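Results of the structural survey
Okay, here's what each chain looks like letter by letter:
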Amino acid sequence: MSTQSHRTAREGIAGLLESPVVGMAPWIIFGILSGPGRFELAVGIALAVTVLLVVAGRWSHPGSSWKLLELADLIFFTGLAIIGALADDGTLRWLETYSGEISNLALVAIAFGSMALRRPFTLAYAREQTDPSVWDTPQFLRANQVITGVWGLAFLVGALSGGYGDLVLHEPDNLWTGWVIPILALIAAVRFTLWYPETLRARARKAAGEPGPEPPGLNAMLAPLAGLLVPVGVLVLIFEDGLWWLGVALIVAGVLSGKALRADA
């Protein structure tokens, strides 16, 4: 590979890794895959993705310091892999049932703990995308507190939803508590992470009298989320025999609300 190609590849990977969404990929993958009979698979893939991201991060940013989320990824999934390898059948069944809630609660602790220390975990990623002159401003810290808080709430929703499915319904693979609600919460957090900084930058340009597009309104963030009602409705039609009417209602609501929000945006 030529020097220019090598530099281009490094810059491309560095740009990809600058999003906290990428840093949370192992947790998201683990949360989606974990469940009865899938613990080893979920841990193995999450740990492999963690190692890949760490190696890519060190290669694309030589000499860069470790991010809080990178350390948490390595410690958590390496620990789970060791525990899973040594656990007896009873412990393994317990982990298969509750590992999703454990990972979600771990991320809740990381998110709100880092906020309490005024070092929100998204800060390290945001600094890689912004000029150093804004790093110590109250606005920059506040924006990262908000984004980190939204992620903390998303994982709290996942933990509560999974806990309800496991402890109350006794259905670890329940469509709503195990899949729809946690995944929608994560997608909402991803969408907010993309929308909020863009809105702040547009507002700053407007306040400074600089040319540029208008700040995207709340409808711009909600429109893609409303569209997700359509695939949820399809899932209900496929897996919930007695709730066909709900599936149809979700599809109709998704189409109409998505269209209305996009028009307003």
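Residues numbered from 1 in each chain as written. Predicted model: local features only at pLDDT ≥ 70, side-chain atom pairs only at ≥ 80, totals over all residues. Heavy atoms only, no water.

1. As for the overall build of the chain
Tallying secondary structure elements over the chain gives twelve helices and zero strands in all. Reading the secondary structure of the chain in the N-to-C direction produces α-α-α-α-α-α-α-α-α-α-α-α. Relative to its length of 265 residues, the chain is compact, with a C-alpha radius of gyration of 20 Å against a globular reference of 18 Å. Summarising its shape, the C-alpha atoms of the chain cover approximately 55 × 50 × 45 Å along the three principal directions. Out of the 265 residues belonging to the chain, those deemed buried represent 37%. In the chain, 68% of the contacts between residues at least 6 apart in sequence involve partners at least 24 apart. Just so you have it, the chain exposes about 14,000 Å², and 68% of that area is on carbon and sulfur atoms. (Helix = DSSP H or I, 4+ residues; strand = E, 2+ residues; numbered from the N terminus. Rg over C-alpha atoms; globule rule 2.2 N^0.38 Å. Buried < 20%, exposed > 50% of the residue type's maximum accessible area, 1.4 Å probe, protein only. Contact = heavy atoms within 4.5 Å. Areas by Shrake-Rupley, 256 points an atom, 1.4 Å probe, with all protein chains shown as cover.)

2. Considering the packing of helix α9 (residues 175-207) against helix α10 (residues 218-227)
Relative orientation of the contacting elements α9 and α10 amounts to 150 degrees, with a least axis distance of 10 Å. Relative to α10, the element α9 is oriented roughly antiparallel. Pair α9 / α10 crosses with right-handed handedness. Contact residues: I187, A188, R191, F192 and W195 in α9; L218, A220, M221, P224 and L225 in α10. (Axes fitted to C-alpha atoms, helices over the stretch in contact; angles between N-to-C directions. Parallel < 35°, antiparallel > 145°, perpendicular 65-115°, else oblique. Left-handed = near helix turned anticlockwise from the far one by under 90°.)

3. Some details on the pattern of salt bridges
Oppositely charged side chains may form a pair once their charged atoms are brought near each other. Under the definition given, this model contains three salt bridges. Note that R38 is salt-bridged to D173, the shortest N-O span being 3.2 Å. Here R38, found in the loop between α3 (25-33) and α4 (39-60), pairs with D173, found in the loop between α8 (138-168) and α9; they are 135 residues apart in sequence, far enough to count as distant. Residue R38 is classed as partly exposed on the basis of its relative accessible area of 21%. (Salt bridge = Lys/Arg side-chain N within 4 Å of Asp/Glu carboxyl O.)

4. Thoughts on the side chain of T193
Structurally, T193 is set in helix α9. Overall, T193 belongs to the buried group, its relative accessible area being 9%. Excluding residues that lie within four positions of it along the chain, T193 makes contacts with P20, V21, I147 and W151.

5. Concerning α4
Between its first and last C-alpha, α4 extends 31 Å over 22 residues, near the 32 Å set by a 1.5 Å rise per residue. F39, A42, V43, A46, V49, T50, L53, V54, A56, G57 and S60 are the residues of α4 that are buried. Around the axis of α4, the buried residues are gathered within 165 degrees of arc, so they sit on the same side. α4 presents L52 and V55 as exposed residues on the side facing more than 90 degrees away from its buried surface. (Expected span 1.5 Å × (residues − 1). Arc of directions from axis to C-beta.)

6. Description of the confidence of the model for the chain
Scored by pLDDT, the chain comes out at a mean of 87, with 92% of its residues at no less than 70. Per-element confidence in the chain ranges from a low mean pLDDT of 51 for helix α1 (residues 3-16) to a high of 94 for α8. (pLDDT = per-residue confidence, 0-100.)

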